[in-house]
Amino acid sequence: MRKKTSEVFSSISSLISSFSFFFLCLGILFSMKMVMAQKRKIVPINVGVVLDMDNWTGKMGLSCISMALSDFYSSDHGSDYKTRLVLHTRDSKSDVVAAAAAAVDLLKNVEVEAIIGPTSSMQADFIIGLGEKSQVPIISFSATSPSLSSFRSPYFIRATLSDSSQVQTISSIIQSFGWREVVPIYIDNQFGEGIIPFLADALEKINARTPYRSVIPEFATDDQITSELYKLMSMQTRVFVVHMTTSLGAKIFTKANELGMMSEEYVWIITDAMTGELTSMDSSAIESMHGVIGVKPHVPRNKRLENFTTRWKLKFQQENPTILNAELNVFGLWAYDSATALAMAVEKSRITGAPFQKLNISGNATDLETIGVSKDGPNLLQAILNTTFKGLSGDFQLVDGQLQSPAYQIINVIGNGAKGIGFWIRENGIVKKLNLRSGYSISKENFGSIIWPGDTTSVPKGWVIPTNGKKLKIGVPVKDGFSEFVKVTRDFTTNTTTVTGYCIDVFDAVMSELNYSVPYEFVPYAPPGAKTTESYDDLVRQVFLGNFDAVVGDATIRSNRLQYVDFTLPYTESGVTMMVPIKDNNRNKAWVFLKPLTWELWLTSFCFFVFIGFVIWVLEHRVNEEFRGPPSHQVGMIFWFSFASMVFAQKEKIVSNLARFVLIIWFLVVLILTSSYTASLTSTLTVENLQPTVTDIKELQKNKEYVGYQQGSFVKELLIKNNFDEDRLKQYNTSEECIDLLSKGSAKGGIAAAFDEIPYMKLLQATPYCSKYTMVGPMYKSDGFGFAFPIGSPLLHDVSKAVLSVTEGEKLVQIEKAWFGQPICSDSSTSLHSNSLGLDSFWGLFVIAGIAAIFALLIFLTTFMRDHWHIIRRSDPSFRGRIRILARNFDRKDYSSHTFKNNIELRDAVSGHMDCPQSPRDNLPPPQMNEPPNPEQIFPLPGEEGGNPPLHEAPPT
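Residues numbered from 1 in each chain as written. Predicted model: local features only at pLDDT ≥ 70, side-chain atom pairs only at ≥ 80, totals over all residues. Heavy atoms only, no water.

A. Local environment of helix α13 (residues 330-349). The end-to-end C-alpha distance of α13, which contains 20 residues, comes to 28 Å, matching closely the 28 Å that a straight helix rising 1.5 Å per residue would cover. Burial runs high along α13: 18 of the 20 residues are buried. A distance of 3.0 Å separates the backbone nitrogen of Phe331 from a side-chain oxygen at the start of α13, and that oxygen is part of Asn329. (Helix = DSSP H or I, 4+ residues; strand = E, 2+ residues; numbered from the N terminus. Expected span 1.5 Å × (residues − 1). Buried < 20%, exposed > 50% of the residue type's maximum accessible area, 1.4 Å probe, protein only. Polar contact = N/O pair within 3.5 Å; in protein donor to acceptor, adjacent residues only side chain to side chain.)

Right, dumping it as structure tokens:
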């Protein structure tokens with residue numbers, strides 16, 4: 001019994017154990033399912049990262065982004081997060097096109113919900129447009145150019161500071177030390193150019209000038225950098241603000257140190273683009289920057305930042321064992337905060353990573369057109385903009401889509417490192433320490449001790465008189481005539497030489513336009529044994545020989561001279577012209593009355609006079625006795641009335657309102673036409689029609705006339721080259737001698753024409769002799785006067801730009817008035833004759849008159865046809881017969897007109913008509929059966945003897 005009982009208990013125990021194991025397994029399975037279900041609730045969110053992986057900022061930024069996400073999801077609340085950012089990294093390879101291609105790939109193929117990057121402002125410029133098109137936020141922690149902003153695209157988020165935020169700090173430093181001139185040195189790309197307008201405005205507010213802007217190409221060679229630095233050395237300004245990448249900046253300071261520009265009296269200020277990355281620069285480059293002042297955003301130090309910096313160095317060293325002594329900078333902190341903000345916004349917005357909405361596109365659409373639109377983009381954007389937290393770089397808060405500006409730290413580069421010398425705060429200006437705040441101040445006493453370039457503590461004054469070069473020796477010609485251009489005066493008492501003239505004043509004005517000072521002195525040139533400059537070619541050649549540094553004077557730019565010198569842009573008019581005597585062509589004035597109008601206008605006027613006369617006759621013929629009579633009389637009336645209106649001599653009374661309307665318009669046309677004719681004829685009769693005696697050089701060559709040229713001018717060779725006989729050429733030295741030769745004429749030992757450059761001929765227009773002579777041409781091309789410099793001179797480009805500045809302004813006009821005075825005679829091309837009036841000046845009037853006449857004619861014809869419609873609509877007479885009936889009716893008086901109602905003759909005629917016993921129509925023989933009826937018999941013409949009254953007229957009473 002006990003044995004059976006024990007067996008039962010044993011069975012029950014084993015059964016219970018089996019059930020317990022079963023339920024335990026069920027619990028484990030249920031727990032595992034719950035965990036798996038919970039894991040399946042985490043939504044992966046694709047995020048793109050576009051960075052330059054060969055760039056220090058890109059490598060550091062990617063490392064910080066990955067650490068930020070790791071820290072975010074491993075935090076105390078990480079297990080509660082329902083989303084996870086999945087990074088898709090692309091290397092932009094420091095190329096704008098590669099960055100754009102990477103963004104297109106991420107948006108089209110991966111359909112990322114946000115993009116972190118790119119590294120540079122140039123790359124971001126295009127990617128921003130892609131983000132706006134696809135409604136995907138673009139978050140950049142290193143694109144600092146002010147030209148990029150959320151106002152341009154709401155989907156661009158700048159998780160860094162704009163370069164424009166530091167210009168007030170820089171201007172405060174400059175104002176503190178009283179520097180009045182600053183030269184910005186910046187890289188030639190969008191990043192470099194973006195800050196310049198803001199810097200210029202900030203400097204203008206403190207009355208500091210920017211006399212010059214030094215633009216360095218992005219891939220500048222050592223020679224280009226050296227050439228630009230030499231130019232800076234020749235300037236008075238010694239304060240430079242450098243804004244460029246660290247790689248190019250390091251080359252600039254290395255070369256500047258080699259050229260002695262890191263010595264006393266120099267001031268170098270670098271922006272945060274270089275200050276923030278000093279720790280990543282080569283030690284030799286930092287040593288060459290000794291004494292440089294820099295600005296950078298202030299990052300508060302705390303234990304959290306120190307802990308992260310330590311962890312980052314270990315992680316980065318493991319991932320990049322070849323990079324030693326890596327240092328974290330503010331761009332890495334902004335990258336960390338950007339990733340953290342994005343993760344927080346994604347979690348807050350609860351986006352699901354839904355597929356992009358595809359647009360309706362054609363089969364041959366481009367990759368850009370196939371990019372869809374994110375459904376979660378707008379919600380994610382708002383979540384990012386509303387995200388605030390305490391980041392590694394400070395308070396993370398976006399206003400207008402970009403990070404707010406904190407305090408700036410001012411540093412001084414000393415040796416291989418840098419030390420802080422103060423801070424700039426918007427509310428307080430410059431302070432030595434952040435906890436020492438009072439009112440706003442920019443006193444230089446608020447700075448710590450500063451070591452300036454040259455290892456000195458003395459504050460540079462910011463400008464010097466250039467002493468690195470000797471005075472330029474400027475060669476000038478010595479002339480006997482045309483001293484208005486260049487005049488050399490020697491004072492033997494004081495043994496001094498004074499050089500004046502138009503060309504000298506222009507050169508002085510040009511050199512004053514330069515952004516830097518160039519000392520020079522004028523040296524007159526005459527070959528040995530001569531008192532004057534015999535050849536300008538010889539004068540210009542002295543520059544090539546090294547005797548002069550430049551030549552200033554009335555030296556023309558010629559191709560043969562360009563073989564050994566370079567010329568600036570011309571500062572005078574170009575061309576060789578001819579001056580000849582003038583003659584009066586108005587001696588035969590028999591047909592001068594036809595000259596005021598062109599033949600087209602004469603013909604048009606005649607046709608319109610006849611046309612208007614015809615229209616008036618049509619409108620008045622049936623209602624006005626004066627427009628009736630024999631055909632010859634009526635034709636004569638048409639011509640008489642139309643042409644009499646030209647002088648308003650017509651005496652005929654106009655009774656038709658339509659005719660009066662036409663005449664009002666026509667009288668206005670006639671008044672304007674006759675007034676214009678009178679004025680033009682008066683001008684033609686009173687203004688002398690002076691014409692040149694010679695207009696073609698072939699005429700001079702054919703007649704073997706003597707012609708003149710200025711001594712020492714290239715014009716002699718030009719005339720010989722154009723087949724003038726050398727024995728027919730005469731030279732002159734002064735303007736008076738030229739006028740004397742022209743007045744004599746070729747037959748009396750003078751010349752028939754003088755050839756010279758336009759500036760000399762214009763000088764003659766300011767003399768009393770100008771009324772007897774005129775310029776014809778230009779006959780030959782030339783390039784005007786220019787300043788000659790050695791080939792390859794660094795001054796040539798700047799001087800040419802200064803020439804443009806002077807010639808385009810009022811300064812050159814003032815110089816011309818001072819030396820040449822006001823021309824007594826105006827340009828001959830505009831004063832020698834008056835032009836005839838053409839149809840193009842009056843066609844509008846003729847159109848108005850024609851439309852008015854045609855309009856009145858149409859109204860008359862419409863009324864006439866309406867009154868005779870019973871004739872037109874009958875089909876009995878032929879068409880020709882009806883036309884004849886209408887024509888005869890038109891030729892008769894309109895008795896319904898008010899002009900005939902009170903006419904006594906009309907009443908008598910009506911009375912006689914009523915006494916007529918019968919109509920002739922009663923006596924008409926019946927028409928034959930095979931003969932068509934005669935319309936004139938069936939319908940007697942109105943007004944004929946025995947016939948009915950006109951069909952349109954009311955019966956007389």
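On we go.
B. Region of interest: the side chain of Ser121. Summarising the element assignment, Ser121 is placed in helix α4 (residues 121-134). Among residues more than four places away in sequence, those in contact with Ser121 are Ala143, Thr144, Ser145, Leu148, Gln190 and Phe191. (Contact = heavy atoms within 4.5 Å.)

C. Spatial organisation of empty space enclosed by the protein. Enumeration over the complete set of coordinates arrives at 2 cavities of 30 Å³ or more. Computed from the structure, the largest cavity encloses a volume of approximately 40 Å³. Considering the residues around the largest cavity, the lining is formed by Ile170, Pro184, Ile185, Tyr186, Ile195, Ile196, Leu199, Val241, His243 and Thr271. For the lining of the largest cavity, the elements supplying multiple residues, two or more each, are β6 (183-187), α7 (196-205) and β8 (239-243). Among the elements that make up the lining of the largest cavity, the one with the highest residue count is β6 (3 residues). (1 Å grid on protein atoms, 1.4 Å probe; cavity = no way out; pocket = protein on both sides within 12 Å on 5 of 7 lines; lining within 4 Å. Points joined across faces, edges and corners; volume = space filled by probe spheres on them.)

D. Representation of the sheet that holds strand β15 (residues 408-414). The sheet built from 8 strands is open, its strands ordered β7-β6-β8-β9-β10-β15-β16-β17 with mixed pairing. Every interior strand has two partners, whereas the edge strands, β7 (214-216) and β17 (429-431), have only one. Pairs of neighbouring strands in the sheet enclose a mean axial angle of 25°, with direction left out of account. Note that β6 and β7 share 3 bridges and pair parallel. When the sheet's bridge partners are listed, Ile185 is paired in β7 with Ser214. Strand contacts of helix α8 (residues 222-233): β6, β7 and β8, with the helix running at about 170° to β7, the strand carrying the most contacts. (Pairing = 2+ DSSP bridges. Axes fitted to C-alpha atoms, helices over the stretch in contact; angles between N-to-C directions.)

E. Structural detail: the nonpolar core. Counting residues in each nonpolar core, the largest one holds 83 residues, and the members touching the most others are Trp312 and Leu342. Ranked by size, the runner-up nonpolar core spans 45 residues in total, among them Phe482, Tyr571, Phe787 and Ile815. (Core = buried A, V, L, I, M, F, W, Y, C linked by side-chain atoms within 4.5 Å.)

F. Quick look at a nonpolar patch on the surface. Taken together, Trp591, Phe593, Leu594 and Trp602 make up a surface patch of nonpolar side chains, about 430 Å² in accessible area. Position of Phe593 among the secondary structure elements: in the loop between β24 (576-584) and α17 (599-620). Judged by relative accessible area, which is 36%, Phe593 ranks as partly exposed. (Patch = residues over 30% accessible without salt bridge, like charges linked within 9 Å, V, L, I, M, F, W, Y side chains within 5 Å. Areas by Shrake-Rupley, 256 points an atom, 1.4 Å probe, with all protein chains shown as cover. Salt bridge = Lys/Arg side-chain N within 4 Å of Asp/Glu carboxyl O.)

G. Inspection of the pattern of salt bridges at higher detail. Using the criterion set out here, one finds 15 salt bridges in the structure. One salt bridge in this structure joins Asp71 and Arg311, with 2.9 Å as the shortest N-O distance. Taken together, the residues Asp71 in helix α2 (residues 56-73) and Arg311 in helix α12 (residues 303-319) connect sequence positions 240 residues apart. Linking Lys390 and Asp395 is a salt bridge whose minimum nitrogen-to-oxygen distance equals 3.1 Å.

H. Broad picture of the layout of surface pockets. Each pocket or cavity is described by its volume, and for the largest pocket that value is around 890 Å³. Taken together, 33 residues line the largest pocket, and the ones lying closest to its centre are Asn55, Thr119, Thr245, Thr246 and Ser247. When contributions to the lining of the largest pocket are tallied by element, the ones reaching two or more residues are α2, α4, α9 (246-258) and α10 (272-275). With 4 residues, the single largest contributor to the lining of the largest pocket is α9.

I. The pairing of strand β18 (residues 472-477), seen in detail. Buried residues dominate β18, accounting for 5 of its 6 residues. When β18 meets strand β21 (residues 520-525), the two strands line up parallel, connected through 6 bridges. Following the sheet pairing, Gly475 is matched in β21 by Val523. Bridging between β18 and strand β22 (residues 550-551) involves 2 bridges; their strand directions are parallel. Each bridged residue has a counterpart across the sheet, and for Ile474 the counterpart in β22 is Ala550.

J. Seen up close, unusual backbone geometry. Cis rather than trans, the peptide bond between Gly117 and Pro118 has omega equal to -5°. One can find Pro118 in the loop between β3 (114-116) and α4. Phi is positive for Asp455, which is not a glycine, with a value near 55°. Along the polypeptide, Asp455 turns up in the loop between β17 and β18. Phi is positive for Lys704, close to 50°, though the residue is something other than glycine. Of note, Lys704 is situated in the loop between α20 (697-702) and β26 (707-710).

K. Molecular detail of the environment of Trp602. When you line up the elements, Trp602 lands in helix α17. We classify Trp602 as partly exposed; its relative accessible area is 33%. Spatially, the C-alpha atoms of Trp602 and Leu837 are 10.0 Å apart, while their sequence positions differ by 235 residues. Dropping the residues within four chain positions of it, Trp602 is found in contact with Phe593, Leu594, Leu597 and Tyr677.

L. Looking closely at the side chain of Ser165. Looking at the secondary structure, you find Ser165 in the loop between β5 (156-158) and α5 (167-177). With a relative accessible area of 16%, Ser165 lands in the buried category. A polar side-chain atom of Ser165 sits 2.7 Å from a polar atom in the side chain of Tyr408. If we skip the residues at most four places from it in the chain, Ser165 touches Ser405 and Tyr408.

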